[in-house]
Every structure is written in structure tokens, then in C-alpha cells.
Amino acid sequence: MSSPSKRREMDLMKLMMSDYKVEMVNDGMQEFFVEFRGPTESIYQGGVWKVRVELPDAYPYKSPSIGFINKIYHPNVDEMSGSVCLDVINQTWSPMFDLVNVFEVFLPQLLLYPNPSDPLNGEAAALMMRDRPAYEQKVKDY
Amino acid sequence: MLTFFAAKNLALAGVKSVTIHDVKNVEMWDLSGNFFLSEDDIGKNRAAACVAKLQELNNAVLISALTEELTMEHLSKFQAVVFTDIGLDKAYEFDYYCHNHQPPISFIKSEVCGLFGSVFCDFGPKFTVLDVDGEDPHTGIIASISNDNPALISCVDDERLEFQDGDLVVFSEVHGMTELNDGKPRKVKNARPFSFSIEEDTSNFGIYVKGGIVTQVKEPKVLCFKALRDAMTDPGEFLLSDFSKFERPPVLHLAFQALDKFKKDHGRCPAAGCEEDAQSFLKIAAAINEASADRKLDTIDEKLFRQFASGSRAVLNPMAAMFGGIVGQEVVKACSGKFHPLNQFFYFDSVESLPTYPLEPQDLKPSNSRYDAQVSVFGSKLQKKMEEANTFVVGSGALGCEFLKNLALMGVSCSSKGKLTITDDDIIEKSNLSRQFLFRDWNIGQAKSTVAATAANAINPSLYIDALQNRACPDTENVFHDTFWEGLDVVINALDNVNARMYMDMRCLYFQKPLLESGTLGAKCNTQMVIPHLTENYGASRDPPEKQAPMCTVHSFPHNIDHCLTWARSEFEGLLEKTPNEVNSFLSNPAQYAAAMRKAGDAQARELLERVSECLNKDRCSTFDDCISWARLKFEDYFSNRVKQLTFTFPEDAATSMGAPFWSAPKRFPRALQFSAADQSHLNFIMSASILRAESFGVAIPEWAKNTSKLADVVQKIIVPTFEPKQGVNIVTDEKASNLSSTSVDDVAVIEDLLAKLQEYAKRLPPGFQMKPIQFEKDDDTNFHMDLISGLANMRARNYSIPEVDKLKAKFIAGRIIPAIATSTAMATGLVCLELYKVMAGEHPVEDYRNTFANLALPLFSMAEPVPPKVMKHKETSWTVWDRWSVQGNLTLAELLQWFADKGLTAYSISCGTSLLYNNMFARHKDRLPKKVVDVAREVGKVDVPEYRRHLDIGVACEDEDENDVDIPLVSVYFR
């Protein structure tokens, strides 16, 4: 594995090579935006979100912080701030993971299988548990 | 001297009383190791000369001197006695007396002779240890319990269990199988990461339903010590410190006996470099070895015994610091029963600290200087080198103080050709005094580095020291510039956080300077040597970052006090720092603020505005009564309304879509609190919240604010509206429709509306009104910050039936502080200074260096060679992290790419700091190819190379011909 100093560059490269649209701010590598499409066969299909990625100083030893810029209705995403409560990102992150994993696996998983028993958006979680169709409708409305 | 180091640590640890016994007078020789003595003290009694200075360290400890011949009667008054300079025969007598005394007196004997040291403990025939490791008891949250024999308990999988087979545990809050809640300790078997069994037949117990917490209970342990005379002939197993010296302890056991015999025969220690004494010492050792029947060594390592004899008279400062730490901790163990005592002999040596070149006898001769003892071991050549060293000590806290004392006593940077720079941007606070022993009451509020430097100068007036108040970070590179770094010989870290350590590591790597790193955590300490080209750097291996609780847990589902404290911290910040800042930035320039909010135009901006608006309208406080009323309503909101809402949305019997109960472990079901003016902790919350609120609004705080009964009167008059949970989700369509419309409405419109209202509110404010943001400061006991934090956290804990904590414990957790203790700090700095001898002499191979991990609580000492740096290769070139590639000439980006291409490497990404200069994926970066690298760095990265520097450093990511990444070193472009 390569040295931590180059991980940011490598991760960014890999992300772009996997055809993600990356928008950088003044070519800084600490914070940038990535376009993320709702996974097919999920109720989020067709949605496009701008996702803010922040790489902390201790990256990749510390997990990147991920936030949705435009609104998303989801039990594990804070409605106001857009911050994501994702187990893998927040708790079980390991330096072996990279940004492509985040966008190819972790985020799609989150949208496909929300976890209403650990909600950040309590209302969305309760609605999902009680009234699935209403929840799905509301997701689409957003 | 060892006595005084141990005494210093004890005074700092705060035992009840310390008595020092010494019949000898101060000699020049003593000055090299005893920082309590100065040249004026020569000729006085050693103990008497030190008492006053020891007393200054801690007024609560009674310190006295005993200067007459020691008798048994003297001993009977003490709980523990330490002997550091005593013949074996006498020691046998005293130990026999202590061992058989009722109650037994703990006997500790310790000696340091040059680079060799020993400790012996005899705490009596039956000594009870209450807490063997000093760790918090392990806990687990139960997920299921089987009705079986033995019963299998599985726990929730969000944290690994740390129970071990044989541990005792108790159960609480178990539903269903309530028989387990009886508080009876049960033994753990088959401990696994998420489950374990207990020795209990639960077949006929109730069926487990839910809940339950399992907690380890600590079992007292009884130890049987042997008396010194018996232990001497049958020492049992020695505590090992260094696995590369597996055979060493029995050898040192013999060497120390031989030294005792030599002293008895000659009335003195062997002289340094004296062949005659060495011969007679070897003869004595051989004779003792012959006589020691079954423990006889096959051969006697002559070189080692010569080294032992030659340095035996010298008490070296690093050795005394280290053993002072160990002995100090043993005394605390003897008096408190906390932590496991040393059982019974411990031997240690650091012969690798000797220079690699041979030492000539005339080089070891004393010259009536304060360094005579040190010179007798290392020779005058190394002494001179140390005095002329240019040293950089980063940090002047607990570690920094110890280092300065050690360095001053060793004579490091104590000639006009040397210099010691110490830097720390902190000032002295009351809580520092217990372990940062160069500081006194009257220094509170002064800069740490300056006070420490003055104190170090008093210890050794020839120290050349420069005290700075700059934090070591990228912003101070104008102070710690290239020239400063290039002149350094060695860097010693005395830091307390990983970020600063990483920064220093990076700088040392860059300037190729040796870095001596150390740290302590309670009774644990570690040291790491970072030596250019020989070892890996500090950042190459690191611990996993601290575990942070996931947001959702902190938000609504806390299950331990940490979660509550994290929440309390973030609420404190939001209420008292962030919102007031926001208010101020609105008030100081409303137009600009409005523009910024309009531009953002998102939900976050809207929420900020809502907070500002609340602060200036509904929740505005102009009198102290307003503040009390605000605090009371906050109480209702936090600890009642929010809980009611949550339990309304998720009732106790709620089920997930899978049908499982929603409120299952680790989640805990909360209950709302009913405010009561009779509850002291409720009132304390109101008090701290209203006082801080008043402070942030600039409202005068009346005298009676701190009077709880007066406060209770006011609080009871406040009218609290009753709360109805929002019919958020299941009373369906209408509510949802309106809810939906309100969120779907453009945030922009809401923002506009709020901005308009703000303008109105602002008009009603007194002219020039500003709020006062409050920054959390944990160390001031009078500022109410910790009161509010612990109030918030404890009330929340009460909601969730989590055990509450007191203010001090809350402070430790919230500040992530584990109290530093003087003993482990002393030990860490002693170990580092033993390494400093190697760095200063130079030419030591990596095998001579040692990294250490030690835990004085167990006790455990584990020393190992540092790990060499990783070697990377591409074709014929190989390099490590210590190397750098330099490119000559003011190249363009295209030319630079070509430079790599010539090496068979494709550079696909080039960066400078955190800015990307070039990446072949970005089409627009192609325009930069004809530009000079320096110019791109200036335009894109805003990097300006200072006039005096000829090069620019860039990071390059490249691939070889087979598209494998090659991790190349930093590249310096010499453009001038």
C-alpha cells in the first residue's frame, strides 16, 4: 500500500477513473464534490445528488466525512445538514477502504437498505416502519 | 540521589507524609544527579538540604528529615520504607524486622550503579492487592442468555467484549431471567469477542426477555512475599524487561551481590577504569557464583562485569529518573493496594548507551566538576559533545519539565557553543502543579516555557536556554525556519497530542534530524526513537484513531455516559459559542450576512437563521430572571419534551419492519424527567445554564445567582407550557401534506422571511449590542462550564437510566484526560535520556536503540529494537522515507514529466501541500504544461517560496511501465 500522503491523490484518481464527476474547489484536495446517482432498482433511482466529501488530515486513517448537499429523505441522513450516519463510514472505517468503495458500495447499500432502527431522521424512520408506501412516495417527492 | 527522585514523585503523588533519612553530607559528586542541591549546599546534610525544596512541591504532604543513625524504632512508625544506599547485611536485618512487624511494613530496596539498576520489594507475608491493573471494569450490553448449563450469554456486536476466562462478572437490568440480577459475582468461561459462558445452571431460570448489562468485578488478590534473605538465594522468576537480554537478570543478580561484597571489603565502590579494582571485582563475582549451588552461571561475561564495576559509583540522572519513577509507584502501591506490586526483584541495564568507541581510563578521570559521575561512565569526549549540543524540546508540560531537569543535570546544551530551545504556547494553570514540578503556586498565569527555563537555569546555571511561546505548527515556520532546523542536533518531543507529534515527525523527516518521542497515559508510558535512515518515522505506524460514537447514537439513543457527554459538549457549543457568533456576524454587518445566507439558500442556512432569530426575539434575555426562565424552559425541552416526542414516535412496544422490537439493546428506552425544585441536580443545571446564558448576553449576574434556595423560589414561578407530541407521522395525510409543503417550499422564501424579521428584531436592540460567545474551557473550576456540561450529561443519563458521573469524572471523559502521574512521566523521560546518550555519541547501529512500552501498574517493561524504515525499489534505485529526490533547474511541468519518463516512470499526479498542480485526468490541467512548476505552485496553491530557499517540494504520484504505483520520495525542484 502506498504512503498516506499520496492516498488523497490516488483515491481521487481512482474515483475519476471510475467515471464519477468530481468538482474541485481551487484544486484543493481536502474538500470536493462528487455527483452521485441513486442506485437502480431502489426508490432513489433517477435521483442525482451532489455529495460533499471532506478528507480529514488523518485520512485514510480517519474516515472521510460525507454529506448530501441537496435534500434527501432517508432515515439515516440528517434532513437539515445532510450528514450521513453510515456505520462503515463513521465506525468501522479502515484505511483499506477508499473513495470508490464509498460511492460504489457503501452509499448505494445505504439507499437500498436503510436502517430505520438507528435513525438520524426519526420521522423518516418511523414512517418507513409504519407506512412503507407513504415513505416511498415522500422519497420521490423530494 | 535516587532517594530524592523517588521522594519528588511521592510528594507529587500526594501521600500523607515522607521522611528522608541520610547521614551523609553533600559533595560535588552529588550535584550531577540531585536537582534539589546547588553548589551552596556542599557540606550540609543531604536530607536536610532537600526538605524545604521538596515541601514546595506539595504543601499537603508532610516532609521531614532524619539525620541520625537509623534504628528499628524509627521504622515502626512507617507504612513503607525505601532503602537506596545500604549494605546487604544491614538490609537483611531491616527487612526481617519489617517483614515480621505487625502490621508488616513494606520494604523496598533499590540501587542504581552507572547504567545498571535494581529494585527489590517485600510487602510482607500476606499483602492484599485491591485493584490489580487500575483499568475501569469492562462491561457489555446483553443481547441474549440461554437456559442452559453452562449458560451462554451473547452481547450486542457494536463493541468487542474484553472479558477473560476466570473474570468475575455481575448482571443487572436483565428482564425475564431476573434471577441473574442478584448481584452475585459469576465466573466467565469461553470468553469470545461477542459472547461468553458463565458457571451457572440457568435451565430452571426465567426465560430471557430483553435488556441487561454485564459488568466485571475486580477480585482482590493476596500476594505472599518472601523476606530479602530467602529471596536472595531463591529469587524465583525475575521480571524481564528486554527480550534480547533474556539471560541478563540472573547475571545482574550476581553482579549486585558482588558489588555489595566489594564495598564491604574495600569500604568503597570500584574506581572507574581501574584495572586492579576490576580484577578484584571479577574474583569476588566468581567466588559468589561458585558458592551459589543450583543457580550457578556457566560463564561470567567479563566485559559486562568490567563495565558494571567501572561505572558502579556513578548515579546517572536518567537512571535515577527511571528508578525514581518505579520506586515511587511501588511505594504508592504499598500504601494504597492499588495496582500490582513488583514481585520481587527487577533488574535493568542500558549498556548499549555506552559509546561504540573504546573508553580510555584517563578520559574517565574526575576533574572536580558537577559532571564527574557522568564522565566516569561515558568519558569526557561525550560530555563535551552533550554540552555543545543544539537541542529542541517541544512542549513544557509534565514531560517537558522532567526533560528540562534531566537535560540540565546531564549538562546538555550547557556550554556557550550549545543551545537548548524550548517552546510551549500554554500558560500555567492550577491543575498543572501536581505533576509539572518546576511550577509553583505563584507561577499560575505565567508562560510554561519561561518558568520552566528559569527553573532549569537554577538547577544548572551554565544551561544556555531559550524559551519561546510558539506552538509547533505550519503557522510558526517563520520562527522555526530552515536555518533554525538545520542547526539542530536533536529534537525531543514532550507533547500531549498526536497532531503535533505528526507535525514534528514530518519536520524531522524533512530536515533529517533525530526525534526522541515519548508519551504517558496514566501508569503507562512509551518511547519511540526516530533516527534518520536507521528507523522508521513516527507516522509510519500508528494506533487506530479514537473511537467516536456514531451520530445517531449520540442524537437519540445514548447507552453510556460517554454518549451523553459528547451530546452535552455539542449542545454547549451550539448554545453558547456558535449561535452567539452567528448573532454577532449578523449584527456587525446585516447586509453582508443576508447576502451570504441568500447565496447559500439551503436548509442549513435556514436553520442558522432560525437560531439567530430565536436568540434575538423569543429567547432574548435582558434580565437575570429571563435567563433563569430560559434555563427552565431548556430543561423542559431537553429532558421532557424531546423524550416525550421520541417515545411518541417510537412507543416502547414499537417494532421494526422486520417485526423485531425497536427498543432492543443497545438502545435504551428513555423516560421524561419531571422538573422539581427540590432536586439539587435540577437546580444545579438551572444555575449553571442561567449564569452562562447571562454571560453570553452581557446580563449582570446578581449575588444570589449562586444561592440555590433563592433560585428555587424564582424557578417555581415560571409558567411552563404543557407539551403535546407532534402527530408527526401516523396521523397521516393532512399533517404530512402541510409538513411536506413547508419543507418543499423553497428554502429561499423562508430565508427571506426570516431575514426580514431579523431586521425588525435588530431595531429593538440597544445600540452596539453584541453577544459574548463562550468557548468551552474545562480547567477553570469557577467558570460553570463543567457544571453545565455535567448537568446536561447527567440529566440526559437520567432520561436513559444510565449511571451518572461526578463533575471530575465528567471532566476527564469530556476532556479525554487521563490524569498524568509523576511516576510514569519520570520513567519515560529517564528512558529517553538513556537513548540521548546514543544519539549524541552517534555511530550506534539500530540494534543499540530501544523503544519501550511500560506499564507501572502491572508492572510490565517491554523494550525492543526500533523497526528499520521500509526500503522501496524501482529498477536500480532504492530509497526509504528518509530520502528525497532532487531535480535541478527551473523546469516547466512538461519538462518535469519528461524527467520522470526518463526514469521509466509516468507521473500522473503532482501536488504541492494540499493543492493539486497537475493531474492527467483533468483536461484543463493540460494548459499548465508549458508553465514553470514554481509558477503553477504560486498560482494554484498560493505557495510562495521564501527568498532564502532555493527549492520547492512537491509530491508526485507515479506508475512504472506495468502501471504499478511506485511510492517515490518527496521531490525537491531546485529552481534558483
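Along each chain, residues carry numbers from 1 onward, in the same order as the chain's sequence is written. Think of it this way: whatever chain is written first is A, whatever ligand is written first is 1, and the rest follow in order. Local features are withheld for residues below a pLDDT of 70 in this predicted model, meaning they are given only at 70 or higher, and side-chain atom pairs are given and counted only at 80 or more; totals for whole chains, interfaces and linings count all residues. In computing side-chain values, all of the structure's heavy atoms are included and hydrogens and water are not.

The name an unreviewed UniProt entry assigns to chain B is E1 ubiquitin-activating enzyme, from the organism Aegilops tauschii subsp. strangulata. UniProt positions are given in the numbering used here, feature names are shortened, and annotations may be inferred rather than shown by experiment. Database annotation for chain B, UniProt heading Pathway (unreviewed entry): "Protein modification; protein ubiquitination." Its UniProt record, at the heading Catalytic activity (unreviewed entry), says of chain B: "ATP + ubiquitin + [E1 ubiquitin-activating enzyme]-L-cysteine = AMP + diphosphate + S-ubiquitinyl-[E1 ubiquitin-activating enzyme]-L-cysteine."

If you check an unreviewed UniProt entry, chain A appears there as E2 ubiquitin-conjugating enzyme from Aegilops tauschii subsp. strangulata. Taken directly from UniProt, the Sequence similarities (unreviewed entry) text for chain A runs: "Belongs to the ubiquitin-conjugating enzyme family."

Enquirer: Looking at this structure, how should I read the overall build of chain A?
Expert: Only DSSP runs of H or I reaching four residues or more are called helices, and only runs of E reaching two or more are called strands; each is numbered from the N terminus. From N to C terminus, chain A includes 5 helices and 4 strands. The helix and strand sequence of chain A, counted from the amino end, reads α-β-β-β-β-α-α-α-α. A globule of 142 residues ought to have a C-alpha radius of gyration of about 14 Å, and chain A, at 15 Å, matches this closely. Overall size of chain A, expressed as C-alpha extent along the three principal axes, is 50 × 25 × 25 Å. The buried share of chain A, taken over its 142 residues, is 56%. Every residue pair with non-hydrogen atoms within 4.5 Å of one another is taken to be in contact. Taking the intrachain contacts of chain A between residues at least 6 apart in sequence as the baseline, contacts between residues at least 24 apart amount to 50%. All accessible areas in this document rest on Shrake-Rupley with a 1.4 Å probe, and a residue is counted as covered only by the protein chains that are shown. Accessible surface, chain A as shown: approximately 6,000 Å² in total, 49% of it carbon and sulfur. Note on charges: Lys and Arg go in the positive column, Asp and Glu in the negative column, and His and the chain ends are not counted at all. For charged residues, the charge sits on one atom: NZ in Lys, CZ in Arg, CG in Asp, CD in Glu. Side-chain charges in chain A split into 14 positive and 20 negative, and the spacing between the mean points of these groups amounts to 1 Å. Our radius of gyration is a C-alpha quantity, and the globule rule it is checked against amounts to 2.2 Å times the number of residues to the power 0.38. Accessibility here uses a 1.4 Å probe with only protein chains present; expressed as a share of the type maximum, an area under 20% marks a residue as buried, one over 50% as exposed, and anything in between as partly exposed.

Enquirer: Any chance you could explain a nonpolar patch on the surface here in plain terms?
Expert: A patch consists of residues exposed above 30% relative accessible area that lack any salt bridge, with like charges linked at up to 9 Å and nonpolar side chains (Val, Leu, Ile, Met, Phe, Trp, Tyr) linked at up to 5 Å. The salt bridge definition used is simple: a Lys or Arg side-chain nitrogen within 4 Å of an Asp or Glu carboxyl oxygen. Nonpolar side chains collect at one region of the surface, where Phe853, Leu858 and Leu860 of chain B lie side by side and expose about 230 Å² of accessible area between them. Structurally, Phe853 of chain B is set in strand 21 (residues 851–855).

Enquirer: What should I look at first to understand the sheet that holds strand 11 (residues 195–198) of chain B in this one?
Expert: In sheet architecture, strand pairing relies on hydrogen bonds along the backbone and comes in two forms, parallel and antiparallel. Residues and elements named next belong to chain B. When DSSP finds at least two bridges between two strands, those strands are taken to pair. Read once around its circumference, the closed barrel built from 6 strands follows the order 7-8-11-10-9-12, with strand pairing classed as antiparallel. Between one strand axis and the next, the sheet turns by 45° as a mean value, whatever way the strands run. Sheet topology note: the strand 7 (residues 139–145)/strand 8 (residues 151–155) ladder contains 3 bridges and is antiparallel. In the sheet register, Ile145 faces strand 8, and the bridge partner there is Ile153. Note on geometry: axes are lines fitted to C-alpha atoms, helical ones only across the stretch in contact, with angles between N-to-C directions running from 0 to 180 degrees.

Enquirer: Help me understand the domain arrangement of chain B, please; the structure alone is not making it clear to me.
Expert: Often the size quoted for an interface is simply the accessible area lost on bringing the parts together. Domain start and stop positions are those given by an automatic or database domain assignment. Split into domains, chain B comes out as domain 1 (1–129 + 224–351), domain 2 (139–217), domain 3 (380–546 + 818–864), domain 4 (551–591 + 618–733 + 766–815) and domain 5 (871–974). Computed from C-alpha coordinates alone, the two centres of domain 2 of chain B and domain 5 of chain B are separated by 59 Å.

Enquirer: Explain the pattern of salt bridges here, please?
Expert: Residue and element names in this part refer to chain B. Applying the stated criterion across every chain yields a total of 67 salt bridges over all chains. Put simply, Arg186 and Glu200 hold a salt bridge, and the shortest N to O gap is 2.5 Å. Here the residue Arg186 occupies a position in strand 10 (residues 186–189), and Glu200 occupies one in the loop between strand 11 and strand 12 (213–217), the gap between them amounting to 14 residues. The exposure class assigned to Arg186 is buried, which follows from its relative accessible area of 4%. Judged by its relative accessible area of 15%, Glu200 is buried. Across the pair Glu302 and Arg306 runs a salt bridge whose closest N-O atoms are separated by 3.4 Å. Remark: Arg306 and Glu302 occur in helix 8 (residues 302–311); sequence separation between them is 4 residues, near one turn of the helix. According to the relative accessible area criterion, Glu302 is partly exposed, its value standing at 44%. Owing to a relative accessible area of 26%, Arg306 belongs among the partly exposed residues under this scheme.

Enquirer: Got a minute to help me understand empty space enclosed by the protein in this structure?
Expert: In this approach a probe as big as a water molecule rolls over the atoms, and the regions it shows empty are the leftover space. All names here are of chain B. The definitions used throughout rest on a 1 Å grid laid over the protein atoms alone, on which a cavity is an enclosed set of points accommodating a 1.4 Å probe that cannot get out and a pocket is an open set flanked by protein within 12 Å on both sides along at least five of seven lines; lining residues are those having an atom within 4 Å of a point. Grid points are joined across faces, edges and corners, and a volume is the space filled by probe spheres set on the points. Evaluated as defined, the whole model comprises 4 cavities of 30 Å³ or more. In terms of lining, the largest cavity is formed by 15 residues, of which the most central are Lys109, Glu111, Ser118, Met232 and Phe256. Put simply, the parts of the chain that give the lining of the largest cavity at least two residues each are strand 4 (106–113), strand 5 (116–122), helix 5 (228–233), helix 6 (248–266) and strand 14 (345–349). No other element matches the 5 residues that helix 6 contributes to the lining of the largest cavity. If you add up the space inside the second largest cavity, you get close to 80 Å³.

Enquirer: Whenever I open this one, the environment of Lys634 of chain B confuses me. Can you help?
Expert: Residues and elements named next belong to chain B. Inspection of the secondary structure assignment puts Lys634 in helix 20 (residues 624–649). With a relative accessible area of 16%, Lys634 lands in the buried category. For Lys634 and Ala11, which are 623 residues apart along the polypeptide, the C-alpha to C-alpha distance reads 45 Å.

Enquirer: Quick question: what am I supposed to make of the UniProt feature "domain: Ubiquitin-activating enzyme E1 C-terminal" (unreviewed entry) in chain B here?
Expert: Mapped onto this numbering, the UniProt entry gives "domain: Ubiquitin-activating enzyme E1 C-terminal" (unreviewed entry) at residues 849–971 of chain B. Along residues 849–971 of chain B the backbone is 15% helical and 37% strand, and the end-to-end C-alpha distance reaches 30 Å.

Enquirer: Explain the side chain of Thr476 of chain B to me, please; I cannot follow it from the model alone.
Expert: Residues and elements named next belong to chain B. Here Thr476 lies in the loop between strand 17 (465–468) and helix 14 (482–486). Identification of polar contacts relies on pairs of N or O atoms within 3.5 Å, with a donor-acceptor requirement for protein atoms, meaning one able to donate a hydrogen and the other able to accept it, and with residues adjacent in sequence counted only if both atoms are side-chain atoms. A distance of 2.9 Å separates the side chain of Thr476 from the backbone oxygen of Cys473, its partner in a polar contact. In contact with Thr476, not counting residues within four places along its chain, are Asn470 and Arg471.

Enquirer: Hey, could you run me through unusual backbone geometry in this one?
Expert: Where the residue is not glycine, phi is negative for most of them; where a peptide bond is considered, it is trans in most cases. Residues and elements named next belong to chain B. Here the residue pair Asn149 and Pro150 is connected by a cis peptide bond, since its omega of -5° sits within 30 degrees of zero. The omega torsion of the bond from Leu858 to Pro859 falls at -20°, within 30 degrees of zero and hence cis. Within the fold, Pro859 resides in the loop between strand 21 and strand 22 (860–864). Non-glycine residue Glu173 carries a positive phi angle of around 60°. With respect to the helices and strands, the residue Glu173 is situated in the loop between strand 9 (168–172) and strand 10. Of note, Lys942 is a non-glycine position whose phi angle comes to about 55°, a positive value. As for its position among the elements, Lys942 is in the loop between helix 29 (933–941) and strand 28 (951–959).

Enquirer: How should I be thinking about helix 27 (residues 822–841) of chain B in this particular structure?
Expert: Since the α-helix packs 3.6 residues into each turn, any two residues three or four apart lie on the same face. In this model helix 27 of chain B runs 29 Å from its N-terminal to its C-terminal C-alpha over 20 residues, within 8% of the 28 Å that 1.5 Å per residue would give. Positioned one or two residues after helix 27 of chain B, Gly842 of chain B has a phi angle of 70°, which is positive. Given the number of residues in a helix, its expected span is that number minus one, multiplied by 1.5 Å.

Enquirer: Explanation requested: the sheet that holds strand 16 (residues 419–423) of chain B in the structure shown.
Expert: Residues and elements named next belong to chain B. Strands sit in the order 17-16-15-18-19-20-21-22 across an open sheet of 8 strands; the sheet is mixed. Because the sheet does not close on itself, it has two edges, and the strands there are strand 17 and strand 22. The sheet shows a mean angle of 10° between the axes of neighbouring strands, direction not considered. Relative to strand 17, strand 16 runs parallel, the two sharing 4 bridges. When the sheet's bridge partners are listed, Thr421 is paired in strand 17 with Asp466.

Enquirer: Mind showing me how you'd approach the confidence of the model for chain B here?
Expert: Any segment with low pLDDT has predicted coordinates that should not be analysed in fine detail. Residues and elements named next belong to chain B. Every residue gets a pLDDT, meaning the predictor's confidence in that residue, from 0 to 100. Looking at chain B as a whole, the pLDDT averages 88, with 95% of positions reaching at least 70. Considering only residues more than four positions removed or in separate chains, one finds that residues 729–744, a stretch of pLDDT under 50, has 20 contacts. Model confidence for the complex is summarised by a pTM of 0.79, with the ipTM given as 0.75.

Enquirer: I keep staring at the side chain of Asp22 of chain B and nothing clicks. Help me out?
Expert: All names here are of chain B. Along the chain, Asp22 turns up in the loop between strand 1 (17–21) and helix 2 (46–57). A relative accessible area of 10% means that Asp22 is categorised as buried. Engagement of the side chain of Asp22 in a polar contact is seen with the side chain of Arg46, the distance being 2.9 Å. In this structure, Asp22 is in contact with Phe4, Asn45, Arg46, Ala47, Leu66 and Thr67, ignoring residues within four places of it in sequence.

Enquirer: What's the story with the packing of aromatic side chains in this structure? I'm lost.
Expert: Residues and elements named next belong to chain B. Two rings belonging to Phe, Tyr or Trp (six-membered ring only in the last case) form a pair when the distance between their centres is within 6.5 Å. Interplanar angles under 30 degrees mark stacking, angles over 60 mark edge-to-face geometry, and anything in between is tilted. Tallied over the entire structure, the rule returns 52 aromatic pairs over all chains. Ring centres of Phe346 and Phe861 lie 4.4 Å apart, and the angle between their planes is 20°; on these two criteria the pair is classed as stacked. Pair noted here: Phe346 is in strand 14 and Phe861 is in strand 22, with a separation of 515 residues, a long-range link. This pair shows no difference in class: Phe346 is buried, exactly as Phe861 is. On the numbers, 3.9 Å between centres and 25° between planes, the contact of Phe378 with Tyr837 is stacked. One end of the pair, Phe378, is in helix 10 (residues 372–378); the other, Tyr837, is in helix 27, with 459 residues separating them in the sequence. Comparing Phe378 with Tyr837 shows no difference in burial state: the two are buried.

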